[in-house]
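If you want the building blocks of each chain, they are given just below.
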Amino acid sequence: MLTKINHIGIAVKSLEDSLPFYRDNLGMAFAGIEEVIEQKVRVAMLQVGESKIELLEPTSEDSPVAKFIEKNGPGIHHLAYEVEDLEAAIDRLLSEGTRMIDEKPRSGAHGTRIAFIHPKSSNGVLTELCQHGH
Ligand code: CMX
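The following refers to the structure shown. (Residues numbered from 1 in each chain as written. Predicted model: local features only at pLDDT ≥ 70, side-chain atom pairs only at ≥ 80, totals over all residues. Heavy atoms only, no water.)

Moving on: the pairing of strand S8 (residues 127-132). In terms of burial, S8 is a largely internal element, five of the six residues being buried. Note: strand S5 (residues 75-83) against S8, four bridges, orientation parallel. Bridge pairing in S8 links Tyr81 to Leu129. Here strand S7 (residues 112-117) runs beside S8; their pairing, made up of six bridges, is antiparallel. If you follow Phe116 over to S8, its bridge partner there is Glu128. (Buried < 20%, exposed > 50% of the residue type's maximum accessible area, 1.4 Å probe, protein only. Helix = DSSP H or I, 4+ residues; strand = E, 2+ residues; numbered from the N terminus. Pairing = 2+ DSSP bridges.)

Written as structure tokens, this is what we have:
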């Protein structure tokens, strides 16, 4: 069902303040900043081999990322796996009793379609499934 790790999401208070460490000190290839309105975040993507690091800055106080930072401080927020068929993956997980945050695909960064699994069903790790294209 899963083909690879697409990205690891890291919650940050400010992209401008946190980006230089990843881009300049760690030397990751910076692939640009994008706002994902539906998720209330601004996202900076950095490429590492075939995977990415996604820095997430909340754009409003009711963003899930704002809530996360308030509770835990900045840090690893979620893990995202790539799938070939998102609807099929959601259906299979639901039929097996997995608690999905998204029972239908939503829009993610860079033209992906995404669905989150609730951390209560994935051992405390917020887990995203993503598929390229629409
Ligand atoms: N990782 C692990 N656990 C998390 C978590 C995270 N990122 N965020 C919340 N939780 C846990 C909390 O610790 C809490 O656990 P306890 O009940 O044991 O205390 C529980 O989930 C409920 O958390 P909450 O603070 O009350 O927050 P909500 O229930 O309002 O929301 C969640 C939690 C995961 C459902 C919500 O954040 C969500 O829908 N996330 C998916 C969307 C998202 O995160 N978007 C941003 C990224 C977008 C992108 O990458 O494009």
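Next comes the rest of the account.
For the rest of this paragraph, the subject is the site of the ligand. Lining the immediate environment of the ligand, one finds 18 residues, of which Gln39, Glu54, Lys67, His77 and Lys120 sit closest. The separation between a nitrogen atom of the ligand and a polar side-chain atom of Gln39 is 2.7 Å. With respect to the ligand, the side chain of Lys120 contributes an N or O atom lying 2.6 Å from an oxygen atom. Starting from 970 Å² of accessible surface for the ligand in isolation, the protein chains cover 69%. Looking at the shell around the ligand element by element, the count peaks at five residues for helix H2 (residues 64-72). For the shell around the ligand, the class distribution of residues is eight nonpolar, five polar and five charged. (Near = heavy atom within 4 Å. Polar contact = N/O pair within 3.5 Å; in protein donor to acceptor, adjacent residues only side chain to side chain. Areas by Shrake-Rupley, 256 points an atom, 1.4 Å probe, with all protein chains shown as cover. Nonpolar A, V, L, I, M, F, W, Y, C, P; charged D, E, K, R; others polar.)

Residues of helix H1 (residues 15-25) that are buried include every one of Leu15, Ser18, Leu19 and Tyr22, and no others. When H1 is viewed along its axis, its buried side chains cluster within an angular range of 110 degrees and face the same direction. Residues Asp17 and Asn25 are exposed on H1 and point more than 90 degrees away from its buried face. Contacts made by the buried residues of H1 are with strand S1 (2-11), strand S2 (29-36), strand S3 (41-48) and strand S4 (51-58). By the N-cap criterion, in which a side-chain oxygen at the helix start approaches the backbone nitrogen of a residue two or three places on, H1 is capped by Ser14, the distance to Glu16 being 3.3 Å. (Arc of directions from axis to C-beta. Contact = heavy atoms within 4.5 Å.)

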